[in-house]
Each structure stands twice: as structure tokens, then as C-alpha cells.
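Report on the structure
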Amino acid sequence: LRIIRKVSELDLDRSKSIGFVPTMGAFHEGHLELMREAKRENDLCVVSLFVNPTQFGPGEDYGKYPRQESTDFEMARSAGADVMFAPEVSEIYGEKTTTIRVANVTDRWEGEKRPGHFEGVATVVAILFNIVEPTRAYFGLKDFQQCAVIRRIVEDLRYGIELRFVETVREEDGLAMSSRNAYLSPEERKKAPGLYRALQNAAQELRQSTKDASTTEGILARHREELRASGFSVDYFALVDGATLEPLEYAQEGGRMIAAAHLNATRLIDNCQV
Ligand code: PAF
């Protein structure tokens, strides 16, 4: 595994196919799965490790986001990564005057709850794509709306990159793996799988229920209430179209349940197929 800090040192062999895994580090099995998949499908697996300041809002966890570079390097090596691009902030952002804003799919949910977040994600991903020039790029489906945003960037800005969205890796009790799970106290950790359970139960009920808006809203409202009663503070719990992220009135092909909720200071997001 070669560790590279400067764009000028990133002398990738362009005759080879490049599978790119953009990350913010603090690796878990979900990241490693993306790397293994990238390695399976390409000659080279290139990983970026960059805690991107522009996608964190004021008062969010940029300062305390887990940083464990040397452990991450070892984990990436064991997953078969060839190159780790781990730049300083100044290497990525110069004057910081260009921002990419993706319309429509960012209007709601994470976009609404975290103003500026997707501009930060879109801008850094566009910059990293231009630096790495990958054949394929790999993202985890846990950040479902982020996947939709990246799909729009690649289509709208004509990046000739194949996107691979990889299934969420979960703990045994169903909790989606996330670097932020490290923030959970033992008690919160016990409650945390409740979010995915609620998503799955809602998805199943919606599949089996009458197809009308008020029945759907009734099911969603009951699950929001149950989550609140078990200690979550719910940002959103919704049935959406998986491509546009617009709310759906009832379960249909391509539907997705998405949710974000806090357990005290820790914010969890998750989703499941409908
Ligand atoms: O999903 C992430 O870890 C980040 O949002 C990404 C895509 C690496 C951009 O900073």
C-alpha cells in the first residue's frame, strides 16, 4: 500500500483500470467491503482518506470525527488497497470559491437537516474524481441520499465513471456499520438497532397495506412515535422514491424507507428497500 499526500505524487498507471473508494477514514467492515469490491473489479484499488471540512455544518462533529490513520492504513492494506491518497485540507481546497450544488435530490431529508452538507460532499467528490480519474467508484448504500447525489453529478457533469453502490454492512443485531457508532454509549448502543428494525417493519407493513396516502402516513406516524418512545429523537422517517428522493404516497417499485434519528448527541441514518 502506497500512501500519498500530494496530488503531484499520484502517478497512477493509466493503462490500468482504477477502482476508487472515497472515504473519511475510521474504517469498519463497510469500508473494507467497498475496497474488496473495488479490487475484485479493477486492476488497482485507490482509496482516499480525507475528513472533508466543507460537508460538516457549524456545531457538527468535524473536530471530534474519529481519526485513526495508522490503523486505517493497516486495514486498507489487508483489504487489498494499492494506493491510499490522504491529503491535507490545503491540498484539496485552494481559494475555495467553487462549489457544486446538486438540485432537487438534495431538497429534503439530509439536505434539509444539514444545510450545506451535500454542497460539501458534491464538491469534494467532484474534485477527487478529477484527481483520481477512476474507472469505477464505490459508495455504501447506507448514505442512500448521498448515492443519489453522486449519481446526478456523474450523469450531469458527464464523468465517464461507472458507479457501484454497495449494500450496507451490518452488525449482528442489524445496526448499520458507521464510523459514528463509536460515539454511542453502551446503553445507546443497545437501543441503536431499533432504527433499522423500525424501517424494516414499516417497509413490510407498507408492502402489505392498502395503497393510499392516509394508510401510509398512519404507519409512518406510528413508527415515528414508537421510536420517540424508545428514546430516539426523529429527524425524518419516510417512504421515498429511490431515484428522486421525493415522498411516495404508498409502497411501489423502487420505493425506499429512509430515516435519521438521534440517540442523545449521536445521529444515526439508515434505510431499507421497500
Ligand atoms: O461517505 C463519505 O465518507 C463522504 O461523504 C465522502 C463520500 C467520502 C465525501 O467526503
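This text follows the structure it describes.
Conventions used here
Residues numbered from 1 in each chain as written. Predicted model: local features only at pLDDT ≥ 70, side-chain atom pairs only at ≥ 80, totals over all residues. Heavy atoms only, no water. Axes fitted to C-alpha atoms, helices over the stretch in contact; angles between N-to-C directions. Helix = DSSP H or I, 4+ residues; strand = E, 2+ residues; numbered from the N terminus. Parallel < 35°, antiparallel > 145°, perpendicular 65-115°, else oblique. Left-handed = near helix turned anticlockwise from the far one by under 90°. Contact = heavy atoms within 4.5 Å. Nonpolar A, V, L, I, M, F, W, Y, C, P; charged D, E, K, R; others polar. Pairing = 2+ DSSP bridges. Near = heavy atom within 4 Å. Polar contact = N/O pair within 3.5 Å; in protein donor to acceptor, adjacent residues only side chain to side chain. Areas by Shrake-Rupley, 256 points an atom, 1.4 Å probe, with all protein chains shown as cover. Buried < 20%, exposed > 50% of the residue type's maximum accessible area, 1.4 Å probe, protein only. Salt bridge = Lys/Arg side-chain N within 4 Å of Asp/Glu carboxyl O.

Focus on the packing of helix H8 (residues 194–208) against helix H9 (residues 213–229)
Packed helices, taken two at a time, are described by the angle between their axes plus the distance between the axes. Taken N-terminus to C-terminus, the directions of H8 and H9 make an angle of 160°; their axes are 10 Å apart at the nearest point. Judged on the interaxial angle alone, H9 and H8 are roughly antiparallel. Crossing of H8 against H9: the hand is right-handed. In this structure, H8 uses Gly-194, Leu-195, Ala-198, Asn-201, Ala-202, Glu-205 and Leu-206 to contact H9, whose residues at the interface are Thr-216, Ile-219, Leu-220, Arg-222, His-223 and Leu-227. For the contact of H8 with H9, a count of residues per class yields seven nonpolar, four polar and two charged.

Comments concerning the sheet that holds strand E4 (residues 83–85)
In spatial order, the strands read E1-E4-E3-E2-E5-E6; together these six strands make up an open sheet with parallel pairing. Edge strands, defined here as strands with exactly one partner in the open sheet, are strand E1 (2–4) and strand E6 (162–166). Strand after strand, the sheet turns through a mean of 25° between neighbouring axes, direction not considered. By the bridge criterion, five bridges tie strand E5 (residues 136–140) to E6 in an arrangement that is parallel. In the sheet register, Arg-136 faces E6, and the bridge partner there is Glu-162. Strand contacts of helix H1 (residues 29–41): strand E2 (18–23), strand E3 (44–49), E5 and E6, with the helix running at about 155° to E5, the strand carrying the most contacts.

A look at the site of the ligand
Close contacts around the ligand come from Pro-22, Thr-23, Met-24, Asn-52, Gln-55, Val-124, Phe-139, Asp-143 and Gln-146, and that covers them all. Measuring from an oxygen atom of the ligand, one finds a side-chain N or O atom of Gln-55 at 2.6 Å. Protein burial of the ligand: of its 290 Å² of free accessible surface, 88% is covered by the chains. Considering only residue class, the shell around the ligand consists of four nonpolar, four polar and one charged.

Structural notes on the environment of Pro-22
Locating Pro-22 in the fold gives a position in strand E2. In this structure the C-alpha to C-alpha distance between Pro-22 and Thr-54, which are 32 residues apart in sequence, comes to 15 Å. In this structure Pro-22 touches Ser-48, Leu-128, Tyr-138 and Phe-139, once residues within four positions along its chain are discounted.

Concerning unusual backbone geometry
Not every positive phi belongs to a glycine, and Arg-158 is a case in point at roughly 55°. By the element assignment, Arg-158 lies in the loop between helix H6 (144–156) and E6. Judged by relative accessible area, which is 70%, Arg-158 ranks as exposed. A positive phi angle, near 50°, is found at Asn-264, a position not held by glycine. Within the element layout of this structure, Asn-264 appears in the loop between strand E8 (255–263) and strand E9 (266–273). Overall, the relative accessible area of 62% leaves Asn-264 in the exposed class.

Section: the sheet that holds E8
Pairing in this open sheet of three strands is antiparallel, and the strands run E7-E8-E9 from one edge to the other. The sheet terminates laterally at strand E7 (233–241) and E9, the two strands that pair on one side only. Neighbour-to-neighbour, the strand axes of this sheet turn through a mean angle of 10°, independent of strand direction. Taken together, the eight bridges between E8 and E9 define a ladder with antiparallel strand orientation. Within the sheet, the bridge partner assigned to Ala-259 lies in E9 and is Asp-270. Against the sheet, H8 contacts E7, E8 and E9, and its axis sits at roughly 30° relative to E9.

As for the pattern of salt bridges
Enumeration according to the criterion identifies 26 salt bridges in this entry. Of the charged contacts, one joins Arg-40 and Glu-33 as a salt bridge, the two residues approaching to 3.4 Å between their closest N and O atoms. Classification of Glu-33 as partly exposed rests on a relative accessible area of 24%. Note that Asp-156 is salt-bridged to Arg-152, the shortest N-O span being 2.7 Å. Of this pair, Asp-156 and Arg-152 both sit in helix H6, four residues apart, which is roughly one turn of the helix. Look at Arg-152 and you get partly exposed, because its relative accessible area is 26%.

The analysis is restricted to geometry; functional conclusions fall outside its scope.
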